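Okay, here's what each chain looks like letter by letter:
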Amino acid sequence: TYSIILLLLIIICSGIHCKTVRAASSTPRRTQAQDSAQTNVKDSICTTLFTQSIFDTLAPRAVAPYSYTSFCNAVINWNRNNPLAIFSGDTDTEKKNELAAFLGHVLHESHDFQAAREYSQCKTFTTDSAGKVYCKPLGYAGGTYTDPYCSLQHTPTTNPDGCSCAPVSESTSMPGYVEADKLFFGRGPLQNSWNYNYKKLSDALRAEGVDICAAPDSIATNEEYTWISAFLFWTTSTGAVDTTCGQAVKCEGSFGSTLNVINGGLECPAINGHESTIWERLNDYCAAASALGVEEILSLDGCDGLKDQFDQCVGSGWCPACAVWEDKIGAPSTKEAQEECLSGSVSVSAPKHGRPSSSSYSTQIGMTALTSSLLLLSYLV
């Protein structure tokens, strides 16, 4: 096993800066007792803090592949097999803060766990006798369909890379529809989208013999893959702000920065009528914070205009869940505390909501490859 790991590290090193690999591989290996203790802490989120009742309150109409059980199993498996842990703060307060922020975003993105697929691309779909799914994108009237989430700049052989994609022909067996597995629209709790983000997920799952590039719709049908897609984004992607969502919560104490990572280009500040989108997201976050019993909601810093949107939403009565938090908004961590927290962190990037030619994606994709490879290694150890 260790020979395989060494070989893979050499392969990784050939594609990105070797000093990065050395830094990652020089981390002292934990003892079995330390691993067991940390696993117990990480796995406690569902046994002590997040119950079936809370899940049902926040998402009473949840549909497959979303469920309380699948979420809890995914958290346990992720934290046992992945060095980039999730909801694993040292205190219950830290765990609840991260979980509330995560739930605020995924509830919004997935329409309270009712949408496994992006509505504009596949709200109308059909399934053949073999179980293959076909979509009717909004406004599609037949013929060749151009996937709006296909970046031709990113292919399996480019750097940065992406899943192969191309214009999609109308299905001959399902006229008026196109095959779902040929499209890279938003799927899962955080609506993973774009062929280059699917490639990142495919690389991470390669150790399990899974090719997400060939079957992207499995994110919308497989309970394990759907949550992994969200966890991988939460722990590795930085958008254009050089911090992950997990780091934004733990190191900055900021909900605003998590939004900047996820959809900052459209919501920080709001453009093209995205004010209502922000209000929906804020209300979901506030509802999750109340359900989990956090002491105060996270800072709204890190996203231009978010505090103004919060005040307008509460004042209008459109965000009833946020009214109780109006005077309980936390302050961001000090710059010194942020730097200390981030000093041992590894940041990677793969923007979810497009800008495929952005400089942050191009310059940090090597670290994305490293993290995906570390995930693969974790399943081998």
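Computed from a prediction, not measured in an experiment: that's the story for all the values here.

Enquirer: Teacher, can you tell me more about the overall build of the chain here?
Expert: Helix and strand content of the chain: 16 helices and three strands. Within the chain, the proportion of its 381 residues that are buried is 54%.

Enquirer: Whenever I open this one, the environment of Tyr196 confuses me. Can you help?
Expert: Mapped onto the elements, Tyr196 comes out in helix H9 (residues 195-205). Taking C-alpha positions, Tyr196 is 9.4 Å from Cys213, a pair spaced 17 residues apart along the chain.

Enquirer: Is there a simple way to explain the state of the cysteines in this structure?
Expert: Linking two cysteines covalently via their sulfur atoms produces the bond known as a disulfide. Scanning the model with the defined rule gives eight disulfides in all. Across the disulfide from Cys286 sits Cys322; the S-S distance is 2.1 Å. Judged by the sign of its S-S torsion, about 95°, the cystine formed by Cys286 and Cys322 is right-handed. Separated by 36 residues along the polypeptide, Cys286 in helix H13 (residues 275-292) and Cys322 in the loop between helix H14 (306-316) and helix H15 (335-342) bring together distant segments of the chain. Cys322 matches Cys286 in its accessibility class, with the two residues each being buried. Two residues share a disulfide in this structure: Cys313 and Cys319, whose sulfurs sit 1.6 Å from each other. The disulfide joining Cys313 to Cys319 has a torsion of about 75° about its S-S bond and is therefore right-handed. Of the two residues, Cys313 and Cys319, both sit in the buried class.

Enquirer: For this particular structure, what's the right way to read the pattern of salt bridges?
Expert: When charged atoms on two side chains of opposite charge get close, those side chains can pair. The full count for this structure, using the stated rule, is ten salt bridges. Among the ionic pairs, Asp217 bridges to Arg187, the shortest N-O distance being 2.8 Å. A residue pair is termed long-range when its members are at least 10 positions apart, and Asp217 in the loop between H9 and helix H10 (223-236) and Arg187 in the loop between strand E3 (178-179) and H9 qualify at 30 residues. Across the pair, exposure class does not vary: Asp217 and Arg187 are buried alike. The partner of Lys199 in a salt bridge is Asp203, with the nearest N and O atoms 2.8 Å apart. Residue Lys199 and its partner Asp203 are both found in helix H9; the two are separated by four residues, about one turn of the helix.

Enquirer: Help me understand the sheet that holds strand E2 (residues 133-136) in this model?
Expert: Sheet strands pair via backbone hydrogen bonds, and the direction of the pair is either parallel or antiparallel. Strand order in the open sheet formed by three strands is E1-E2-E3, and the pairing between neighbours is antiparallel. A single partner strand is all that each edge strand has here, and the edge strands are strand E1 (124-127) and E3. Note that E1 and E2 share four bridges and pair antiparallel. Bridging across to E2, Thr124 finds its partner in Lys136.

Enquirer: Honestly, the packing of aromatic side chains in this entry has me stumped. Any pointers?
Expert: Any two aromatic rings considered together are summarised by their centre-to-centre distance and by the angle between their planes. Tallied over the full model, the rule gives 24 aromatic pairs. An angle of 50° between the planes, with centres 5.8 Å apart, marks the rings of Phe102 and Phe231 as tilted. Taken as a pair, Phe102 in helix H7 (residues 92-109) and Phe231 in helix H10 lie far apart in primary sequence, 129 residues in all. Each member of the pair, Phe102 as well as Phe231, is classed as buried. Linked through ring pairs, Phe50, Phe55, Tyr66, Tyr68, Phe71, Trp78, Phe87, Phe102, Phe113, Trp227, Phe231 and Trp234 together constitute an aromatic cluster.

Enquirer: Can you help me understand the confidence of the model for the chain in this one?
Expert: Any residue range with low pLDDT should be treated as having predicted coordinates unsuitable for detailed reading. Scored by pLDDT, the chain comes out at a mean of 84, with 78% of its residues at no less than 70. This stretch, residues 1-43, has a pLDDT under 50; its non-local contacts, to residues over four places away or in other chains, come to 40 contacts. Segment residues 346-381 is flagged for pLDDT under 50; beyond a separation of four residues in sequence, or across chains, it makes 107 contacts in the model.

Enquirer: Sorry if this is basic, but what is going on with the pairing of E2 here?
Expert: In regular strands, side chains alternate between the two faces of the sheet. Summarising the sheet, E2 and E3 pair through two bridges and their orientation is antiparallel. Bridge assignment links Tyr134 to a residue of E3, and that residue is Glu179.

Enquirer: What's the story with the side chain of Arg117 in this structure? I'm lost.
Expert: For Arg117, the location among the structural elements is in the loop between H7 and helix H8 (119-122). The class of Arg117 is buried, set by a relative accessible area of 10%. Polar contacts involving the side chain of Arg117 include one to the side chain of Asp217, which spans 2.8 Å.

Enquirer: Sorry if this is basic, but what is going on with the side chain of Asp112 here?
Expert: Summarising the element assignment, Asp112 is placed in the loop between H7 and H8. Nearest to the buried, unbridged Asp112 among oppositely charged side chains is Arg61, at 4.7 Å. Setting aside chain neighbours within four positions, we find Asp112 in contact with Leu58, Ala59, Ala62, Leu107 and Asp284.

Enquirer: Please clarify how H14 should be interpreted in this entry.
Expert: The periodicity of an α-helix, 3.6 residues per turn, causes residues three or four positions apart to be oriented the same way. Taken together, the buried positions of H14 are occupied by Leu306, Gln309, Phe310, Cys313 and Val314. Viewed end-on, H14 has its buried residues packed into an arc of 130°, placing them on one side of the element. For H14, the elements touching its buried residues are helix H12 (255-267) and H13. In the stretch just after H14, Gly317 is the one whose phi turns positive, near 85°.

Enquirer: What exactly am I supposed to notice about unusual backbone geometry here?
Expert: Most peptide bonds adopt trans geometry, and most residues besides glycine take a negative phi value. In this chain, Ala64 is followed by Pro65 through a cis amide linkage whose omega measures 10°. Along the chain, Pro65 turns up in the loop between helix H5 (52-58) and helix H6 (68-81). Look at the link from Cys268 to Pro269: it is a cis peptide, with omega at 5°. Inspection of the secondary structure assignment puts Pro269 in the loop between H12 and H13. A positive phi angle, close to 65°, is found at Phe113, a residue other than glycine. Tracing the chain through its elements places Phe113 in the loop between H7 and H8.

About the cut-offs
- Residues numbered from 1 in each chain as written.
- Predicted model: local features only at pLDDT ≥ 70, side-chain atom pairs only at ≥ 80, totals over all residues.
- Heavy atoms only, no water.
- Helix = DSSP H or I, 4+ residues; strand = E, 2+ residues; numbered from the N terminus.
- Buried < 20%, exposed > 50% of the residue type's maximum accessible area, 1.4 Å probe, protein only.
- Disulfide = S-S within 2.5 Å.
- Salt bridge = Lys/Arg side-chain N within 4 Å of Asp/Glu carboxyl O.
- Pairing = 2+ DSSP bridges.
- Phe/Tyr/Trp six-rings, centres within 6.5 Å; stacked < 30°, edge-to-face > 60°.
- pLDDT = per-residue confidence, 0-100.
- Contact = heavy atoms within 4.5 Å.
- Polar contact = N/O pair within 3.5 Å; in protein donor to acceptor, adjacent residues only side chain to side chain.
- Lys, Arg positive; Asp, Glu negative; His and termini not counted.
- Arc of directions from axis to C-beta.

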